[in-house]
Amino acid sequence: MDKPRAVVIGSGIGGLTAAVALHDRGWRVTVLERAASLEPVGAGIALAPNSQRALDVIGMGDEIRALAAADPGQVLRNDVHQLIDPLTSFHRGRTVLVGDSAHAMAPSLGQGGNQAIEDAIVLAHHLTPDGDLGAGAAAYTADRLPRTTAVVRKSARTARLMRLTSAPAVATRDALTSLASRFVPTLILRTFDGIADWQPPRPTYAAPREADTAPVDAEQ
Ligand SMILES: Cc1cc2nc3c(=O)[nH]c(=O)nc-3n(C[C@H](O)[C@H](O)[C@H](O)COP(=O)(O)OP(=O)(O)OC[C@H]3O[C@@H](n4cnc5c(N)ncnc54)[C@H](O)[C@@H]3O)c2cc1C
């Protein structure tokens, strides 16, 4: 019997992770990307332990860790958009959103890409090719919506602090941050409590990993 087909629209970090994870789960995956080619844009993103663990599920964690060499070459300036009010669902029918399309957030905690990778792994966990798609998609929304909403809100709060412009407010913020990091050095790290300690769902993969035997289609 032919494998069921999943179509991933967009080959950002969320789409590509979803493509590999779904492919590993036994889906035949087609990736559609509107850009004519994927070029380096001069930006890098930080991947925290939560998404590194998620990437370990699909066997890519070590490869990504090996790439972790920063090139401080250029400064990139772009508008940043965030989705403060959460969507009520990340799926409708057979269509599912991952990453920024579901929960674009301020980059202040460096979690947008991390959450996209988590989404992708959790999505593939819930979508078995021979299972009930509606139930799988609903389980995905139920898993991911509360978590990503909490991260979006935390990122927004941090962004508000970072965007202060009045001199007294900036001075107060900087002084408090400096004091806190001096007397409670772990305080900044505690921002990531409940975020970086995320664990992927236990893989329930019945089928062997197929990534090495059949390539993911890439269509433009
Ligand atoms: C300054 C800055 C710093 C950041 N730093 C970090 C960080 O350190 N760590 C971190 O985790 N995150 C960071 N982020 C956030 C992170 O970059 C994004 O959350 C992440 O890239 C989102 O991935 P995505 O796959 O959801 O979407 P995208 O990366 O936006 O990918 C979407 C893809 O879909 C394609 N597409 C769109 N519409 C269509 C269509 N109709 N048909 C076909 N293709 C389509 C697009 O061309 C694109 O390739 C940062 C963001 C900014 C702006």
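Our subject is the structure that appears above.
All of the points below concern the structure found in this document. The numbering scheme is per chain: residues are counted from 1 as the chain's sequence reads. Per-residue local features of the predicted model are confined to residues with pLDDT of at least 70, and side-chain atom pairs are confined, for both listing and counting, to 80 or more; whole-chain, interface and lining totals are unaffected and use all residues. Side-chain calculation: all heavy atoms of the structure are included, whereas hydrogens and water are not.

1. Thoughts on the overall build of the protein
Alright, step 1. Each helix is a run of DSSP H or I of at least 4 residues and each strand a run of E of at least 2, with the numbering of both proceeding from the N terminus. Assigned secondary structure in the protein consists of eight helices and five strands.
Alright, step 2. Remark: exposure states derive from per-residue accessible area (1.4 Å probe, protein chains only) relative to the maximum for the residue type, with buried under 20%, exposed over 50%, and partly exposed in between. Buried positions account for 33% of the 220 residues belonging to the protein.
Alright, step 3. Throughout, a contact is declared for two residues whenever any of their heavy atoms are within 4.5 Å. Partitioning the contacts of the protein with sequence separation of at least 6, the portion at a separation of at least 24 is 70%.
Alright, step 4. In short, Shrake-Rupley with a 1.4 Å probe defines the accessible areas, and a residue's cover is counted only from the protein chains shown. Roughly 13,500 Å² of accessible area belongs to the protein as shown, and the carbon and sulfur atoms make up 58% of that amount.

2. Some thoughts on a positive patch on the surface
Alright, step 1. Each patch is built from residues lacking any salt bridge and having more than 30% relative accessible area; the joining distance is 9 Å for like charges and 5 Å for nonpolar side chains (Val, Leu, Ile, Met, Phe, Trp, Tyr). Any carboxyl oxygen of Asp or Glu that lies within 4 Å of a side-chain nitrogen of Lys or Arg is treated as forming a salt bridge with it. Positive charges come from Lys and Arg alone, negative charges from Asp and Glu alone, with His and the N- and C-terminal ends not counted. Lysine's charge is taken at NZ, arginine's at CZ, aspartate's at CG and glutamate's at CD. There is a patch of like positive charges on the surface, built from Arg-153, Arg-157, Arg-160 and Arg-163.
Alright, step 2. If you trace the backbone, Arg-160 turns up in helix H6 (residues 133-162).

3. Observations concerning the nonpolar core
Alright, step 1. By nonpolar core is meant a set of buried Ala, Val, Leu, Ile, Met, Phe, Trp, Tyr and Cys residues that side-chain atoms within 4.5 Å join together. In terms of nonpolar packing, the biggest core is built from 24 residues, with Val-8, Leu-22, Trp-27, Val-29, Leu-123 and Tyr-140 touching the most fellow members.
Alright, step 2. Sorting the residues of this core by element identifies strand S1 (5-9), helix H1 (13-25), strand S2 (28-32), helix H2 (49-57), helix H5 (112-126) and H6 as the ones contributing at least two each.
Alright, step 3. If you tally residues by element for this core, the top one is H5, at five residues.
Alright, step 4. Judged by nonpolar contacts, the second largest core, of five residues, contains Met-105, Leu-109, Val-152 and Ile-195.

4. Examining the site of the ligand
Alright, step 1. As a matter of local geometry, the ligand sits amid 21 residues, with Gly-14, Glu-33, Ala-46, Asp-100 and Asn-114 nearest to it.
Alright, step 2. Polar contacts, as used here, are pairs of N or O atoms within 3.5 Å; protein pairs need one atom able to donate a hydrogen and one able to accept it. Residues neighboring in sequence count only if both atoms are side-chain atoms. With respect to the ligand, the backbone of Gly-14 contributes an N or O atom lying 2.8 Å from an oxygen atom.
Alright, step 3. Between the ligand and the protein, one listed contact pairs a nitrogen atom with a backbone N or O atom of Gly-110 at 2.9 Å.
Alright, step 4. For the ligand, the protein covers 63% of the area, taking 1,000 Å² as the surface of the free molecule.
Alright, step 5. When residues of the shell around the ligand are traced back to their parent elements, those giving at least two are H1 and H5.
Alright, step 6. Ten residue types, Ala, Val, Leu, Ile, Met, Phe, Trp, Tyr, Cys and Pro, are classed as nonpolar, four, Asp, Glu, Lys and Arg, as charged, and the remainder, Gly among them, as polar. By residue class, the composition of the shell around the ligand is seven nonpolar, eleven polar and three charged. The criterion for a residue being near a molecule or strand is simple. One of its heavy atoms has to lie within 4 Å of it.

5. A word on the pairing of S2
Alright, step 1. Two strands make a pair as long as DSSP finds a minimum of two bridges between them. The pairing of S1 with S2 spans five bridges and is classified as parallel. Along S2, the bridge assignment pairs Ile-9 with Leu-32.

6. Overview of the packing of H2 against H5
Alright, step 1. Here H2 crosses H5 at 35°, and the two axes come no closer than 8 Å. By crossing handedness, the relation of H2 to H5 is classed as left-handed. Residue-level inspection shows Asn-50, Ser-51, Ala-54, Leu-55 and Val-57 of H2 in contact with H5, the latter providing Asn-114, Gln-115, Ile-117, Glu-118 and Ile-121.
Alright, step 2. Split into classes, the residues belonging to the contact of H2 with H5 amount to five nonpolar, four polar and one charged. For every element, the axis is a line fit to its C-alpha atoms; helices are fit only across the contacting stretch, and the angle between N-to-C directions ranges from 0 to 180 degrees. What makes a crossing left-handed is the near helix being turned counterclockwise from the far one by less than a right angle; a clockwise turn instead makes it right-handed.

7. Considerations on the pairing of S1
Alright, step 1. Of the two faces of S1, only the one carrying Ala-6 and Val-8 is buried; Arg-5, Val-7 and Ile-9 on the other face are not.
Alright, step 2. Here is how to tell: hold the view so the strands point away, follow the path from the first strand over the helix to the second, and if it runs clockwise the crossover is right-handed. What joins S1 to S2 is H1, and the crossover it makes is right-handed.

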